[in-house]
Every structure is written in C-alpha cells, then in structure tokens.
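What the coordinates show
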Amino acid sequence: MKLPVGITGFYDSKNKQPPKVDGKQFKQVCVTLVNRSGGKVLKFKEPQYPMNFYDIEVKAFHKHFHILLNEHYPYLAFASVVEYGKINFIDVPELKQFSSLYKVLSVEELNEPLVLNHDSKEGILQIENDLNRAELEQVAYWKPNRIGDVIFNYWD
C-alpha cells in the first residue's frame, strides 16, 4: 500500500496543508448505515490534537466497535479498541456498504509491518510512499510498527 502525502496530518512550510475529508458526511453515513443494520451510534469524536482521525463508537451486530476515518484521506477502518497508543483493528464485513464512499482497509493491510531503515539515504521507509519531510521525521521519531499506526495516529 502506497502512503500518500499528508496522510499523517504533518506538513512543513515547503508543503501545503493536506486535504480534509468531509466529517459531517462521514457522521451522516455512519448513522444511516449503523441504524439500518439495527445498531446504534454511541459516540462521535472529531479529530483533535493529537488524534488525526474521526472515531465513531457503535454497537451493532452484537458487537461493540469503532469506525475510524483518516482526517485527510477517505481511508476507513474498524477497531475493537481505540486508546492512545493502542488500536486493535478488526474486519466488519457486515458494513461493506462503506466501500462505495471510502477505501475500507482490511486488518491485513493495517497490520502490515512497517520496516524502518534509519541508515538508508533513500529514505526511512522501505515501502512505497509520498510522505513529506515532516511526516518522515515523525515516522523516525515515533517508530510505528505497522501501516495502520501511520494512517491512524496520536502523534503530537
């Protein structure tokens, strides 16, 4: 998976601010799809420092879980636990309708190991990416273990 510029939310004076997704639309879509499935939206959190994603807590399909959306790109994930420094990604195939509006990331994609190479002149990441200098500095500092930790982060 190629990481686009701005996915982390970090940028510097040389780079323009990353795009933003429509949080209001995301909330409306979640409420509609969760209610249609007989579930209930419990809590809605907007991205706020240091979190770079929307977090909607729901109860549906006899499960309690979170629907996450990156603040800058339409990348969506599901998680059973969302705490500072700990996100446990899960798949929720019952909500496949999200894929018509968002890129729904699987557990396999999100848990893909992130190999860091501190000694390389070509870059710290050994995966294809368009991250800007500020983002690469954050990756070097926080040392995330998996792709999902870059896309959904609590970096400050």
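Right above here is the structure, for reference.
All right, on to the overall build of the protein then. Looking only at helices and strands, the protein has 4 helices and 6 strands in total. Ordered by position from the N terminus, the helices and strands of the protein form the series α-β-β-β-β-β-β-α-α-α. Scaling as 2.2 N^0.38, a compact globule of 156 residues should have a C-alpha radius of gyration of about 15 Å, and the protein matches this with 16 Å. Dimensions of the protein along its principal axes, counting C-alpha atoms only, are 50 × 30 × 25 Å. By the burial criterion, 45% of the 156 residues in the protein qualify as buried. In the protein, once contacts between residues fewer than 6 apart in sequence are set aside, the share between residues at least 24 apart is 57%.

By volume, the largest pocket is sized at about 260 Å³. Lining of the largest pocket is provided by 14 residues; of these, Gly85, Lys86, Asp149, Tyr154 and Trp155 occupy positions nearest its centre. Of the residues that constitute the lining of the largest pocket, the class distribution is 7 nonpolar, 3 polar and 4 charged.

Moving on, we get to helix α1 (residues 23-36). The end-to-end C-alpha distance of α1, which contains 14 residues, comes to 20 Å, matching closely the 20 Å that a straight helix rising 1.5 Å per residue would cover. Every buried residue of α1 is listed here: Gly23, Phe26, Val29, Cys30, Leu33 and Val34. Projection of α1 onto a plane perpendicular to its axis shows the buried side chains occupying an angular sector of 120°, all on one side. Exposed residues lying more than 90 degrees from the buried face of α1 are Lys24 and Arg36. Packing partners of the buried residues in α1 comprise β1 (40-45), β2 (53-60), β3 (63-70) and β4 (75-83). Positioned one or two residues after α1, Gly38 has a phi angle of 85°, which is positive.

Among the nonpolar cores identified, the biggest contains 27 residues, and Leu3, Ile87 and Phe152 are the most heavily contacted of them. At the level of secondary structure, the elements contributing two or more residues to this core comprise β4, β5 (86-90), α2 (107-110) and α4 (147-151). No other element matches the 4 residues that β4 contributes to this core. Counting 19 residues, the second largest nonpolar core, distinct from the first, contains Val21, Phe26, Ile67 and Leu69.

Now for the pairing of β5. Across the two faces of β5 the burial differs, with Ile87 and Phe89 buried and Lys86, Asn88 and Ile90 not buried at all. Of the strand pairs in this sheet, β4 and β5 are connected by 5 bridges, and their pairing is antiparallel. Across the sheet, residue Ala79 finds its bridge partner in β5, namely Phe89. In sequence, β4 turns back onto β5 through a hairpin of 2 residues, with Gly85 there showing a positive phi of about 80°.

Cut-offs used in this document
Residues numbered from 1 in each chain as written. Predicted model: local features only at pLDDT ≥ 70, side-chain atom pairs only at ≥ 80, totals over all residues. Heavy atoms only, no water. Helix = DSSP H or I, 4+ residues; strand = E, 2+ residues; numbered from the N terminus. Rg over C-alpha atoms; globule rule 2.2 N^0.38 Å. Buried < 20%, exposed > 50% of the residue type's maximum accessible area, 1.4 Å probe, protein only. Contact = heavy atoms within 4.5 Å. 1 Å grid on protein atoms, 1.4 Å probe; cavity = no way out; pocket = protein on both sides within 12 Å on 5 of 7 lines; lining within 4 Å. Points joined across faces, edges and corners; volume = space filled by probe spheres on them. Nonpolar A, V, L, I, M, F, W, Y, C, P; charged D, E, K, R; others polar. Expected span 1.5 Å × (residues − 1). Arc of directions from axis to C-beta. Core = buried A, V, L, I, M, F, W, Y, C linked by side-chain atoms within 4.5 Å. Pairing = 2+ DSSP bridges.

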